[in-house]
Amino acid sequence: MKDYAKLWLAYSPKKNNRECGDLKKIYISGVSENDKIVKNAVAELKAGLKAMLDIEPSIEYGSAGPDIKIQNGKDMQDKEEYTISIKDSGLEIAAKSGAGILYGAFDILRTVACEESVEKAYAAGKTVRPSNPLRMLNHWDNMDGSIERGYSGESFFYENNEIVIDERTKDYARLIAAVGINAIVINNVNVKQAASYMITDRYFDKLAQLGEILAGYGIGLYMSLNYASTIEIGGLDSADPLDEKVIEWWKVKMAEVFKKIPTLKGFLVKADSEGRPGPFTYGRTQADGANMLADIVKDYDAIIIWRCFVYNCKQDWRDRKTDRARAGYDNFIPMDGDYHDNVILQIKNGPMDFQIREPISPLFGGLKKTNQMLEVQIAQEYTGHQIDVCYLIPEFKEILGFKTYCSEKDDTVADIISGKTLGSRFSGIAAVTNTGNDFNWTGNYLAGANLYGFGRLAFDTDLSAEQIAEEFVRMTISENEEVVSAVLEILLPSREIYERYTSPLGIGWMVTPATHYGCSVDGYEYDRWGTYHRADHLGIGVDRTDKGTGYALLYNEPNASMYNSPDDCPDELVLFFHHLPYTHVLHSGKTVIQHIYDTHFEGYAQARELAAKWDSLKGKIDDAIFDNVKERFERQLYNAREWCDQVNSYFYRKSGIPDEKGREIW
Ligand code: GCU
């Protein structure tokens, strides 16, 4: 037995196999049977159908289309599309590339694994075209084996500054390909120490090997790049993007890198951010830096993904003019249109940093001529460290559905990142991933729902959070209806429950500095990171209106006016945009202070209900899964209690206003 979980590739025997049809034959058309992704797809199908239904379908290949290489960008969606239909006594998967066949194969396996009827699923023919060209995971793995913001063990890519390739590497590729991921960045955006040498011959062989394994599952290899490589490993004294010596060094370097790692698709760059070097040091713009690299990698059909997480991280708390929320917009909007074709700006979903609730970054809908990619975080940095259950797909659905009003139609974040709004060739969605070498990959077994869900949603944005969660439960825990309902009742409300017992009304932060787990109301208040709640004895919140930092006005209308007015701003974000007295009455009819008390008591009570629901599953599911999540729930309840007590007590002491319901506040 392997020492880690197979998650959605467990392929356990199905009782209900009559539903699945006889599947004697699988026809594969449009591709060559010699394509290595097709071979892997066939191996998956055969192994999965044998294990689940005890059948061995024969495989027939139809005529192959022309040999194609999937190029980075929009045409990926055409090539990765697949159609499944019923043919004779079996199924046909048709696609224009091996990747399309692979996704089709996993579609069939999912249908069988969820015990859905194959007849029903495919009778009318099912065509799926991926919603986004790039569906990417960003690993924040360091070469010493640690993972920045990792909550599920150490890296499975690195150990002692070496790249590890073993059985787990391939299983990981299979797991993420099965949910539709087609790109990964394999190292931390903070590129330091050994990682700076990933573009040298110290690591080329292993990287080439890794790239081949990933390519066999339709996954493109990307690396994070140290912007100051010219200085740190190149022996130059500058990283000025307009300096000829610097440009020449990169040209030679990239020629070597792409020759040695032929599967490499591009780089992710964190520049001028949190102490990382960048073009600002030389008085150049972000566009100067990104374009210089992009022009060089263009010859290799590669791209530069440039992060917009650029802000002043050394703010004085007395400074009320500087607003970290504005920084992405202010730094990137002026050069809209200047970024070259093979640059994508990667934008965090909110303007701050993956808080449990934030408005959508105004760069979406603000940038009108630039390729864009959304960055979300399934590593639960601020959302419970994979100790607390927090199913994030409902949040991602909200983000994707947000109307930016940047154009008459096709103006949601989903439209923008799919490439529809601007007709961009390069676009997509990335998640900072939540995996590590723990036996079950994600620490808390239920955090696997975020890995599963992110991939599924990136592939098909129209899927609902409920459907995705249900698939996850059926494939990885149990198909028993009682179990399915109970786990769904835990997963689906978990994000709102986490929000209730942590920071209220969009204010964010209030976490323990540095670790970001547990409550510390003032932890970030007097620190340098620009992360304030501005609570005093009269009120709380940050004035980001036209009378404050002006951030609200960065949105297109009618969003700008909505956020700018305390009366129109949605309750859940009101303290993000407004400094309000504790007695201010929300749309809910409650005062701000009563809302704080109520949500904290409720959130803690609801967390206890989730834990009790999990307890009711004892004996009905695998013991290892039960024990793993139970142990996390014990820690979650402690955490929720601490948050509830500390936040309530803090605001009671600040405001002097008692709880209407007279509950115990310390
Ligand atoms: C957060 C996180 C860091 C990370 C950074 C980033 O600030 O705490 O660990 O490096 O985001 O996204 O670059």
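Summarised in this report is the structure supplied together with it. Computed from a predicted model, the values in this text were never measured in an experiment. (Residues numbered from 1 in each chain as written. Predicted model: local features only at pLDDT ≥ 70, side-chain atom pairs only at ≥ 80, totals over all residues. Heavy atoms only, no water.)

## Some thoughts on helix α15 (residues 481-491)
Consideration 1: When α15 is considered as a whole, its buried residues turn out to be V483, V484, A486, V487, L488, I490 and L491.
Consideration 2: Where α15 is buried, its residues meet α13 (448-459), α14 (465-476), α16 (494-501), α19 (592-615) and α20 (623-655).
Consideration 3: Sitting at the head of α15, N480 places a side-chain oxygen 2.8 Å from the backbone nitrogen of E482. (Buried < 20%, exposed > 50% of the residue type's maximum accessible area, 1.4 Å probe, protein only. Helix = DSSP H or I, 4+ residues; strand = E, 2+ residues; numbered from the N terminus. Contact = heavy atoms within 4.5 Å. Polar contact = N/O pair within 3.5 Å; in protein donor to acceptor, adjacent residues only side chain to side chain.)

## What about the sheet that holds strand β3 (residues 82-87)?
Consideration 1: Spatially, five strands are ordered β2-β1-β4-β3-β5 in an open sheet, and the strand pairing comes out mixed. Among the strands making up the open sheet, the edge pair consists of β2 (58-64) and β5 (126-128). Averaged over all adjacent pairs, the angle separating strand axes in this sheet is 20°, with direction ignored.
Consideration 2: Here five bridges tie strand β1 (residues 25-30) to β2, and the two strands are oriented parallel to one another. Residue pairing across strands places K25 opposite S58, the latter belonging to β2. (Pairing = 2+ DSSP bridges. Axes fitted to C-alpha atoms, helices over the stretch in contact; angles between N-to-C directions.)

## Here's the deal with the packing of helix α3 (residues 98-113) against helix α5 (residues 167-178)
Consideration 1: Where α3 meets α5, the axes come as close as 9 Å, and the angle between the chain directions of the two elements is 80°. Comparing the axis directions of α3 and α5 gives the class roughly perpendicular. Counting all contacts with α3, which are made through L102, Y103, F106 and R110, the residues of α5 involved are R174, A177 and A178.
Consideration 2: In terms of residue class, the contact of α3 with α5 is made up of five nonpolar, no polar and two charged. (Parallel < 35°, antiparallel > 145°, perpendicular 65-115°, else oblique. Nonpolar A, V, L, I, M, F, W, Y, C, P; charged D, E, K, R; others polar.)

## Side note on the pairing of β1
If a strand is regular, its side chains alternate between the two faces of the sheet.
Consideration 1: Looking at chain direction, β1 and strand β4 (residues 90-95) are connected through five bridges and run parallel. Along β4, the bridge assignment pairs I26 with L91.
Consideration 2: You can see the chain leave β1, run along helix α1 (residues 36-53) and come back into β2, and the turn it takes is right-handed. (Right-handed = clockwise from strand over helix to strand, strands pointing away.)

## Quick look at helix α8 (residues 244-260)
Consideration 1: Between its first and last C-alpha, α8 extends 24 Å over 17 residues, near the 24 Å set by a 1.5 Å rise per residue.
Consideration 2: Listed as buried for α8 are V246, I247, W249, W250, K253, M254, V257 and F258. All buried residues of α8 lie within an arc of 155° about the axis, which places them on one face of the element. Facing away from the buried surface of α8 by more than 90 degrees, the exposed residues are E244, V252 and K259.
Consideration 3: Where α8 is buried, its residues touch α6 (204-215), β10 (220-225), α7 (229-232), β11 (264-269) and α9 (286-297). (Expected span 1.5 Å × (residues − 1). Arc of directions from axis to C-beta.)

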